[in-house]
Amino acid sequence: MIGELGRRTTTSLLVHSALIQAVTFLVRPAATYRALELDVPGFALGLLAASYAVFPLLLAVPTGGLVDRLGERRLMAIGSAVVLACSAFLLLWGSSIVALVIGTALLGAGQLACVVGQQAVVANNAPPTRMDAAFGYLTFAASLGQALGPLAISLVGGASIRPDTQAIFFLSTCMSLALFVTTFGVAAHVSGAKRKAVAGDGNTGNALSLLRTPGVARALATSATVLAVVDLTMVYLPALGSERGLTAATVGAMLTVRAVFSMVSRILLGRVSRKLGRMRLLVLSLALSTVALAVAAIPMPAWLLFVVMAVLGLGLGIGQPLTMSWLSAQAPAGQRGRALALRLAGNRVGQVVLPSAIGVVAAGLGAGGVFLASAAVVGGTMLLLRGVELD
């Protein structure tokens, strides 16, 4: 159980978290494969990755205020409906790079609403002493979805280097429908005290005041970098696989391995965080990610690349839940949705800037160069965290 939530709400919340990530990690690699079918240049893949974040970037902070006022389930239902519309749009009309960009942007908007709602449910109900563990469970479910999405690509793609993207978009439409239905298993209320606290605070200065808190901006930069690198891995691992002659099934299995090891790191997060402390654990995770990204750029046998993806999953799986729990602990009751949305806004900035900038590298150095550049960015993030106390 998570805090004060009942069994049905907890189960529905975790299933919803898994499903939204499964759809996302199914649709986005499929969009990459569809773009490759259309013979788009390398820099266009970077733009495709960035399109996922451009529209949600404008909505992140307002969405946080909305969930605090209207309740988590309504926002999750709206997001689920948008994701369903996105999957249907790509199934019926996703035959050009413009349509792929539009569909990916819609996916980003719907996923934003779902995730803000999910995180607000946890932030408003988990006790402070269990915050790391609660967000660990939520992101464990998300990692499960991130494993199931690529696994579906492996099943559909089989031995072909490029899978049947139309079949994948059909599958994503069915999963999106299940996502929408699952929303209604979540309790449809925010406590009166929380609503009163939000209603009594009509100004928009809270996001700015949180951003001015010492260390917050650097912690947000860490969160944004980690999520952007997860995105880049999802987009450019298929490209790396194509360069090295790996089948779609093999690439899908590698993405699944990365997600599974993220699950391992998250299910144990509460216990390990209590022993090492948030800051030490965060630095350790960034170090593992830096090494794995750099090594992935080196030509190697497929089995060894599986090992590298496992290490990368362990490293990348820790950063997101730790920054969630830290910001939730800092924000007052009734404003936690806004605080988490501020973090998501920072994530979206990273998802726009990093893929676009690093995508230019792909034009000259190929997908391997993208992994090297990503390693440099993650390594630099460790320097930013010197002196920041997250415990």
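The present account deals with the structure reproduced in this document. One numbering rule holds for all chains: residues counted from 1, following each sequence as written. Whole-chain, interface and lining totals are the exception, using all residues; otherwise, since this is a predicted model, local features are given only for residues with pLDDT of at least 70 and side-chain atom pairs are given and counted only at 80 or more. The side-chain quantities take in all heavy atoms of the structure and omit both hydrogens and water.

1. Observations regarding the overall build of the protein
Under the convention used in this document: In this text, helices come from DSSP runs of H or I with a minimum length of four residues, and strands from runs of E with a minimum of two, each type numbered from the N-terminal end. Exposure classes here rest on a 1.4 Å probe applied to the protein chains alone. A residue is buried below 20% of its type maximum, exposed above 50%, and partly exposed in between. Accessibility throughout is a Shrake-Rupley quantity obtained with a 1.4 Å probe, and a residue counts as covered only by protein chains that appear here.
Along its length, the protein carries 14 helices and zero strands. When the helices and strands of the protein are placed in sequence order, the string is α-α-α-α-α-α-α-α-α-α-α-α-α-α. Expressed as a percentage of its 391 residues, the buried residues of the protein come to 60%. Put simply, the protein shows about 14400 Å² of open surface, and 70% of that area lies on carbon and sulfur atoms.

2. As for the packing of aromatic side chains
Formally: In this scheme Phe, Tyr and Trp rings, the latter by its six-membered ring, pair at centre separations within 6.5 Å, and the angle between planes marks the pair as stacked below 30 degrees, edge-to-face above 60, and tilted otherwise. Here, a charge over a ring is recorded when the distance from Lys NZ or Arg CZ to the ring centre is within 6 Å and its angle to the ring normal is within 35 degrees.
Within the structure shown, the criterion is met by two aromatic pairs. Here phenylalanine 89 and tryptophan 93 contribute two aromatic rings whose centre-to-centre distance is 5.9 Å and whose plane-to-plane angle is 45°, an arrangement assigned as tilted. You can see phenylalanine 89 and its partner tryptophan 93 sitting in helix H3 (residues 72-93), four residues apart, about one turn around the helix. Relative to phenylalanine 184, the ring of phenylalanine 180 has its centre 5.4 Å away and its plane inclined at 80°; by these criteria the two rings are edge-to-face. On the basis of relative accessibility, which here comes to 42%, the residue phenylalanine 184 falls in the partly exposed class. The aromatic ring of tyrosine 52 is capped on one face by arginine 28, whose charged end is 4.0 Å from the ring centroid.

3. Some remarks on the nonpolar core
We count it as follows: Here, nonpolar core refers to any group of buried Ala, Val, Leu, Ile, Met, Phe, Trp, Tyr and Cys residues whose side-chain atoms link them within 4.5 Å.
Grouped together as the largest cluster of nonpolar side chains are 72 residues, with contacts concentrated most on Tyr236, Leu237, Leu305, Met309 and Phe371. Take this core: its biggest share by element is twelve residues, from helix H1 (residues 7-37). Counting 13 residues, the second largest nonpolar core, distinct from the first, contains Leu13, Met76, Val121 and Met324.

4. With respect to the environment of valine 121
Here valine 121 shows up in helix H4 (residues 97-123). Taking the relative accessible area as the measure of exposure, valine 121 reaches 3% and is therefore buried. Counting along the chain gives 50 residues from valine 121 to glycine 71, while the straight-line C-alpha distance between them is 8.9 Å.

5. Quick look at helix H2 (residues 42-70)
Basically, it comes down to this: The span you would expect from a helix comes to 1.5 Å times its residue count less one. The bend reported for a residue corresponds to the angle between axes fitted to the seven residues ending at that residue and the seven starting there.
Taking 1.5 Å of rise per residue, the 29 residues of H2 would be expected to cover 42 Å, and the 42 Å separating its terminal C-alpha atoms lies within 8% of that figure. Maximum bend of H2: about 45°, positioned at alanine 60, with proline proline 62 one to four residues after it. Glycine 71 lies just past H2 and shows a positive phi near 110°.

6. Looking at a nonpolar patch on the surface
What counts is decided by this rule: Patch membership is restricted to residues that have no salt bridge and whose relative accessible area is over 30%. Joining uses 9 Å for like charges and 5 Å for the nonpolar side chains Val, Leu, Ile, Met, Phe, Trp and Tyr. Within this document, salt bridges are pairs made up of a side-chain nitrogen of Lys or Arg and a carboxyl oxygen of Asp or Glu, the two lying within 4 Å of each other.
Side chains of Tyr137, Val260, Phe261, Val264, Ile267 and Leu268 sit close together on the surface and give an oily, nonpolar patch of about 430 Å² of accessible area. A total of four residues in the nonpolar patch trace back to one element, the largest contributor, which is helix H10 (residues 248-267). Assignment of secondary structure puts valine 260 in helix H10.

7. Points about the pattern of salt bridges
According to the stated counting rule, one finds one salt bridge in the structure shown. With a shortest N-O distance of 3.5 Å, glutamate 37 and arginine 34 are connected by a salt bridge. Note that glutamate 37 and arginine 34 are positioned in helix H1 at a spacing of three residues, about one turn of the helix. Classification of glutamate 37 by relative accessible area gives partly exposed; the value is 37%.

8. Re unusual backbone geometry
Of note, the phi angle at aspartate 39 is positive, near 60°, even though the residue is not glycine. Within the secondary structure, aspartate 39 sits in the loop between H1 and H2.

9. What about the environment of glutamine 351?
Rules: Residue contacts are counted whenever heavy atoms from the two residues lie within 4.5 Å of one another.
Turning to its location among the elements, glutamine 351 is positioned in helix H14 (residues 336-384). Note on glutamine 351: relative accessible area 1%, which makes it buried. Through-space distance from the C-alpha of glutamine 351 to that of leucine 227 is 7.3 Å; in sequence the pair is 124 residues apart. Filtering out sequence-adjacent residues up to four positions away, glutamine 351 remains in contact with Ala49, Ala50, Tyr52, Ala53, Leu227, Ala228 and Asp231.

10. A word on the packing of H1 against helix H6 (residues 165-182)
Quick reminder of the rule: Think of each axis as a best-fit line through the C-alpha atoms, taken over the contacting stretch in the case of a helix, with angles from 0 to 180 degrees between the N-to-C directions. Orientation labels follow simple angle bins: below 35 degrees gives roughly parallel, above 145 gives roughly antiparallel, 65 to 115 gives roughly perpendicular, and whatever is left gives oblique. Handedness of a helix crossing follows the sense of rotation of the near helix relative to the far helix, less than a right angle counterclockwise being left-handed and clockwise being right-handed. Classes in brief: Ala, Val, Leu, Ile, Met, Phe, Trp, Tyr, Cys and Pro nonpolar; Asp, Glu, Lys and Arg charged; the others, Gly included, polar.
At their nearest, the axes of H1 and H6 sit 9 Å apart, and the two run at 160° to each other. Between H1 and H6, the crossing angle belongs to the class labelled roughly antiparallel. Remark: the crossing between H1 and H6 carries left-handed chirality. Here the contact of H1 with H6 is built from residues that sort into 16 nonpolar, seven polar and two charged.

11. Some thoughts on a positive patch on the surface
So the rule is basically this: Residues scored as charged are limited to Lys and Arg (positive) and Asp and Glu (negative), so that His and the chain ends carry no count. A charged residue contributes its charge at one atom only: NZ of Lys, CZ of Arg, CG of Asp or CD of Glu.
Together, Arg130, Arg271, Arg274 and Lys275 make up a positively charged patch on the protein surface. Here arginine 130 is to be found in the loop between H4 and helix H5 (131-157).

12. Structural notes on the packing of H1 against H2
One can describe the packing of H1 onto H2 by two numbers: an axis separation of 10 Å at closest approach and a directional angle of 150°. Relative to H2, H1 is oriented roughly antiparallel. When you trace H1 past H2, the crossing you get is right-handed. Every residue of H2 that contacts H1 at Thr24, Arg28, Ala31, Thr32, Ala35 and Leu36 is listed here: Leu45, Leu48, Ala49 and Tyr52.

13. Notes on H4
For H4, spanning 27 residues, the distance from its first C-alpha to its last is 38 Å, which sits close to the expected 39 Å at 1.5 Å a residue. Buried residues dominate H4, accounting for 22 of its 27 residues.

14. A closer look at the side chain of glutamine 118
Along the chain, glutamine 118 turns up in helix H4. Glutamine 118 has contacts with Leu13, His16, Ser17, Ile20, Met76 and Leu138, leaving out every residue within four places of it along the chain.

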